[in-house]
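A structural walkthrough
Listed below are the residues making up each chain.
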Amino acid sequence: NLKNQKFVRKQYAQDISHELRTPITNLQLYIEAIKDNVIDADEQTLSSLLEEIHRLEGLVVNLNKSFNDNSEYLKINKKEFNLSDHINSLLDTVKPRLNKLDISLIEEIKDGIIINSDKDKISQIVQNLVSNAIKAIKNDGLIRVSLSEDKNNIYLVVKDNGVGISDEKKEAIFERFYRIDDARNTKLNGHGLGLSITKNFVESLGGRIKLKSRLGKGSTFSVILPK
Ligand code: ADP
């Protein structure tokens, strides 16, 4: 019905605006770093920047379509690709932001992992988790991103040594608009959408997301995707 359609559209518009923000910040800082000669504008850098821009373009095109129909955004487009290369290039686009905040990144990406999945959805999952890890970190920041596989599954793990999440809140943080009101959040103005989008995407790809966390010690988000 009409009321329901309006609700779905509003939800969709909120999700898209959330998803546009992080990659735009990353692109901006990346280009600033090139301008300041901190990063070389080599072939690989330019291709990963271009890929990000194409993805943003796709989001905007879909946003336009959503005024009639929101199915595009939710649609899953699977194809086979090298997930290891993709994660490496996504992490490259985050590096300027990490450098600026003095956060160290440990990359444990096993080479040559091939997946048949939706590349754009995976990009958003990774960016949301890394972006949350960055926001959770106060000082002496450390983020570890690892990618591995076994016979049946692929494991993507984002670990931070930030503020952590208490046991009572571990489930609620995956709900829409749920935010933990602490110093970090008032400062950085989240909307409580990132993790609900992330969980939806992971589940729509047939996977699941798990959280381990200790208040004051840090959090580990593990995404398990079927092969
Ligand atoms: P937001 O836009 O507020 O970051 P999310 O849905 O991504 O929304 O996250 C919901 C809440 O979960 C956040 O407000 C934050 O308090 C908590 N959270 C998410 N990721 C982490 C993390 N890595 N460490 C600590 N808290 C986190």
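Our subject in this report is the structure included herewith. (Residues numbered from 1 in each chain as written. Predicted model: local features only at pLDDT ≥ 70, side-chain atom pairs only at ≥ 80, totals over all residues. Heavy atoms only, no water.)

**Some remarks on the pairing of strand β5 (residues 153–160)**
Summarising burial for β5: six of the eight residues are buried, a large majority. Note that strand β4 (residues 142–149) and β5 share seven bridges and pair antiparallel. Bridge pairing in β5 places Val145 opposite Val158. Between β4 and β5, which pair antiparallel one after the other, the connecting turn spans three residues. Both β5 and strand β7 (residues 218–226) contribute to a ladder of eight bridges, which runs antiparallel. From the neighbouring strand, Asp160 faces β7, where its bridge partner is Ser219. (Buried < 20%, exposed > 50% of the residue type's maximum accessible area, 1.4 Å probe, protein only. Helix = DSSP H or I, 4+ residues; strand = E, 2+ residues; numbered from the N terminus. Pairing = 2+ DSSP bridges.)

**Quick notes on the pattern of salt bridges**
Scanning all chains against the criterion turns up nine salt bridges. The closest approach of N and O atoms between Lys100 and Glu32, which form a salt bridge, is 3.8 Å. Taken together, the positions of Lys100 in helix α4 (residues 83–100) and Glu32 in helix α1 (residues 2–35) put the pair 68 residues apart, joining distant regions of the chain. For Lys95, the salt bridge goes to Glu107, with nearest N and O atoms at 3.4 Å. In this pair, Lys95 sits in helix α4 while Glu107 sits in strand β2 (residues 104–109), placing the two residues 12 residues apart along the sequence. One network of salt bridges, in which partners are shared, links Asp92, Lys95 and Glu107. (Salt bridge = Lys/Arg side-chain N within 4 Å of Asp/Glu carboxyl O.)

**Examining the sheet that holds β5**
Read from one edge to the other, the open sheet built from five strands follows the order β2-β4-β5-β7-β6, with strand pairing classed as mixed. A single partner strand is all that each edge strand has here, and the edge strands are β2 and β6 (208–214). The mean angle between the axes of side-by-side strands here comes to 10°, regardless of whether they run parallel or antiparallel. Together, β2, β4 and β5 form the strand contacts of α4, whose direction differs from that of β2 by roughly 175°. (Axes fitted to C-alpha atoms, helices over the stretch in contact; angles between N-to-C directions. Contact = heavy atoms within 4.5 Å.)

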